[in-house]
Amino acid sequence: QLVESGGGLVQPGGSLRLTCAASGRSSWTYYMGWFRQAPGKEREFVAAISQGGDSTYEADSVKGRFIISRDNARGTVYLHMNSVKSEDTAVYYCAGDTRLRSVLDGSGNYWGKGTLVTVSS
């Protein structure tokens, strides 16, 4: 089970940290990722991270602004959002799978229910 938290209202240029809590003793074996879906748009890939956290993958739209990290001891994955823009407004979802390709293309087996991020002044 994946549960997201940390969403809310943030001003343009500000920062926010999203957290995904994974239950289960084997959560460290999963590739994990973040996706988002803005109103009226399709869900899109944001970032992903390998099991050990040594490899990360980011969409071009967030590269240099968002950082994904994980703490396997706590069973958590984070999305550090910096220099946010209005176009970052969306519901953010956490996803996990044992296969990297499944996380990258959005076909992963495990999903959270999402947390809303609104970027507005």
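Residues numbered from 1 in each chain as written. Predicted model: local features only at pLDDT ≥ 70, side-chain atom pairs only at ≥ 80, totals over all residues. Heavy atoms only, no water.

**A look at the sheet that holds strand β1 (residues 2-5)**
Condition: For two strands to count as paired, DSSP must find a minimum of two bridges between them. Helix and strand assignments come from DSSP, with helices taken as H or I runs of at least 4 residues and strands as E runs of at least 2, each series counted from the N terminus. Between the N-to-C directions of two axes lies an angle of 0 to 180 degrees, each axis being a line fitted to C-alpha atoms and, for a helix, fitted only over the stretch in contact.
Strand order in the open sheet formed by 4 strands is β1-β3-β8-β7, with antiparallel pairing between adjacent strands. Single-partner strands in this sheet number two, and they are β1 and β7 (66-71). Mean inter-strand twist for the sheet, computed between neighbouring axes without regard to direction, equals 15°. Summarising the sheet, β1 and strand β3 (residues 16-22) pair through 4 bridges and their orientation is antiparallel. Residue pairing in the sheet places L2 in a bridge with A22 of β3.

**Regarding the environment of R65**
To keep it simple, the criterion reads: Residues count as neighbours in contact if any of their non-hydrogen atoms are within 4.5 Å of one another. N or O atoms closer than or at 3.5 Å make up a polar contact, with two conditions inside protein: a donor-capable atom paired with an acceptor-capable one, and, for residues adjacent in sequence, both atoms drawn from side chains.
Mapped onto the fold, R65 is located in the loop between β6 (56-58) and β7. Spatially, the C-alpha atom of R65 lies 21 Å from that of G106, the residues being 41 residues apart in sequence. Other than its neighbours up to four places away in sequence, R65 contacts H80, M81, N82, S83, V84, K85 and D88. Polar side-chain contacts of R65 include one of 3.0 Å to the backbone oxygen of S83.

**Here we look at the state of the cysteines**
Which entries qualify depends on this criterion: In plain terms, two cysteine sulfur atoms within 2.5 Å form what is called a disulfide here. Only protein chains enter the accessibility calculation, which uses a 1.4 Å probe; a residue whose area is less than 20% of its type maximum is buried, one above 50% is exposed, and one in between is partly exposed.
Inspection of the entire model under this criterion finds 1 disulfide. What pairs with C20 in a disulfide is C94, and their sulfur atoms sit 2.1 Å apart. The chirality of the disulfide connecting C20 with C94 is left-handed, given an S-S dihedral of about -80°. Taken as a pair, C20 in strand β3 and C94 in strand β9 (residues 90-97) lie far apart in primary sequence, 74 residues in all. Here C20 matches C94 in class, with each residue buried.

**A closer look at the pattern of salt bridges**
Threshold: We define a salt bridge as a side-chain nitrogen of Lys or Arg found within 4 Å of a carboxyl oxygen belonging to Asp or Glu.
Inspection of every chain in the model, using the stated rule, returns 6 salt bridges. In this structure, the salt-bridge partner of E44 is R36, at a minimum N-O distance of 2.6 Å. For R36, a relative accessible area of 5% gives the class buried. Where R65 meets D88, a salt bridge forms, and the shortest distance between an N and an O atom there is 2.8 Å. Taken as a pair, R65 in the loop between β6 and β7 and D88 in the loop between β8 (76-81) and β9 lie far apart in primary sequence, 23 residues in all. The exposure class assigned to D88 is buried, which follows from its relative accessible area of 0%.

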